[in-house]
Each structure stands twice: as C-alpha cells, then as structure tokens.
Amino acid sequence: MPGLLRGAARTAVVAGTATAVSNRVSRRQAGRWAQQDYEQQQAAQPAPPTGSSDDMGDKIAQLKQLGELKAQGVLTDEEFEEQKRRLLG
C-alpha cells in the first residue's frame, strides 16, 4: 500500500508541475502575441506631426499601456525598456 501512495503522490507532483509549466508557457506566448499585435498597430498608425500637444498625450498613453503590459508580466524589464526607448526616441 505505501508504494501505491508514493506512486500516486509522485504522479500528482509531476502532473501539477507540468500544468504549472504549461500555463506559464501559454501566458508567455499570449504576451508575445499581444506585444506583436501592439507593435503592428503602432506601425500601421500614421505618425502624428512632431511637437504637437497630442503627441505628448499619445506618448503618455502608450507609456501607460507599456507599463500595464509589464505589470501583467507580458513584457520583461528588457522588453519594456526597449519599447520605452523606441517610443521616446
């Protein structure tokens, strides 16, 4: 009987670990897809004229959006810094 319990416990640990890893991979991939969609949307939008007050408002909104993606774990620190650098020029 102890061997059966040990086997069941081992199976539960392996299944739980596999589930956790699978969920992490899925979240990471979804984040990458969201980032790609975001970049494509940004590339498709015409650039506003420089120096306008709307330009600064757009940059602030985009920075907030990037911050939210980072807070959700979609972006790593390095990805966040790179996007911020691109945005601020």
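Since this is a predicted model, take the numbers as computed values, not measurements.

Colleague: Help me understand the overall build of the protein in this model?
Modeller: Across its full length, the protein holds 3 helices and 0 strands. Burial analysis of the protein (89 residues in total) assigns 13% to the buried set. A sequence separation of at least 24 residues applies to 56% of the contacts in the protein between residues at least 6 apart. Put simply, the protein shows about 6900 Å² of open surface, and 57% of that area lies on carbon and sulfur atoms.

Colleague: Before we go on, may I ask you to explain the side chain of Q35 in this structure?
Modeller: Secondary-structure assignment places Q35 in helix α1 (residues 2–44). Discounting chain neighbours no more than four positions away, the residues touching Q35 are L69, L75 and Q83.

Colleague: In this structure, what is going on with the nonpolar core? I would like to understand it.
Modeller: A general trend in soluble globular proteins is that nonpolar side chains are found buried together. Core analysis: the largest hydrophobic core is formed by 7 residues, namely Y38, L66, L69, V74, L75, F80 and L87. For this core, the elements supplying multiple residues, two or more each, are α2 (53–71) and α3 (77–88). With sequence-adjacent residues up to four places away left out, F80 is seen in contact with L66, G67, K70 and L75.

Colleague: I would appreciate a short explanation of the packing of aromatic side chains in the present structure.
Modeller: Pairs of aromatic rings are described using the distance from one ring centre to the other and the angle between the two planes. Enumeration over the complete set of coordinates arrives at 0 aromatic pairs. The positively charged end of K70 is found above the aromatic ring belonging to F80, 4.9 Å away from the centroid.

Colleague: Looking at this model, I keep getting lost on α1. Mind explaining?
Modeller: Helical geometry: 3.6 residues make up each α-helical turn, so side chains three or four residues apart lie on a common side. Under the 1.5 Å per step criterion, the end-to-end length of α1 is 63 Å for 43 residues, consistent within 8% with the ideal 63 Å. Within α1, the full set of buried residues consists of G31, Q35 and Y38.

Colleague: Please clarify how the pattern of salt bridges should be interpreted in this entry.
Modeller: Where side chains of opposite charge bring their charged atoms close, a pairing between them can arise. Scanning the model with the defined rule gives 4 salt bridges in all. A salt bridge links K70 to D77; the shortest N-O distance between them is 3.4 Å. According to the relative accessible area criterion, K70 is partly exposed, its value standing at 32%.

Colleague: For this particular structure, what's the right way to read the side chain of Q83?
Modeller: With respect to the helices and strands, the residue Q83 is situated in helix α3. Other than its neighbours up to four places away in sequence, Q83 contacts Q35, E39 and L66.

Colleague: Please clarify how α3 should be interpreted in this entry.
Modeller: With 12 residues, α3 extends 16 Å from end C-alpha to end C-alpha; this agrees with the ideal 16 Å at 1.5 Å per step. Every buried residue belonging to α3 is among F80, Q83 and L87, and all of these are buried. Looking down the long axis of α3, one finds its buried residues gathered within 70° of arc, a one-sided arrangement. Exposed residues lying more than 90 degrees from the buried face of α3 are E78, R85 and R86. Two residues or fewer past α3, G89 is found with a positive phi of approximately 70°.

Thresholds, definitions, all that
- Per chain, the residues get numbers from 1 upward, laid out in the order the sequence is written.
- Under the rules for a predicted model, residues below a pLDDT of 70 receive no local features and side-chain atom pairs below 80 are neither given nor counted, while totals for whole chains, interfaces and linings still include all residues.
- The basis for the side-chain values is all heavy atoms of the structure; hydrogens and waters are excluded.
- By definition, any uninterrupted DSSP run of H or I lasting at least four residues is a helix, any uninterrupted run of E lasting at least two residues is a strand, and each is numbered from the N terminus.
- The rule is simple: take the accessible area with a 1.4 Å probe, protein chains only, and divide by the maximum for that residue type; under 20% is buried, over 50% is exposed, in between is partly exposed.
- Any two residues whose heavy atoms approach within 4.5 Å are treated as being in contact.
- In these tables, accessible area is a Shrake-Rupley quantity obtained with a 1.4 Å probe, and a residue counts as shielded only by the protein chains included in the view.
- Residue types Ala, Val, Leu, Ile, Met, Phe, Trp, Tyr and Cys, when buried and joined through side-chain atoms within 4.5 Å, form a set referred to as a nonpolar core.
- Side-chain rings of Phe, Tyr and Trp, where Trp is taken by its six-membered ring, are said to pair if the distance between their centres is within 6.5 Å; with planes under 30 degrees apart they count as stacked, over 60 as edge-to-face, and otherwise as tilted.
- In this analysis the charged atom, NZ for Lys or CZ for Arg, is taken to sit over a ring once it is within 6 Å of the ring centre and within 35 degrees of the ring normal.
- Take the residue count of a helix, subtract one, and multiply by 1.5 Å to get its expected span.
- One side-chain nitrogen of Lys or Arg within 4 Å of one carboxyl oxygen of Asp or Glu is enough to make a salt bridge.
- What the arc covers is the set of directions going from the helix axis to the C-beta atoms.

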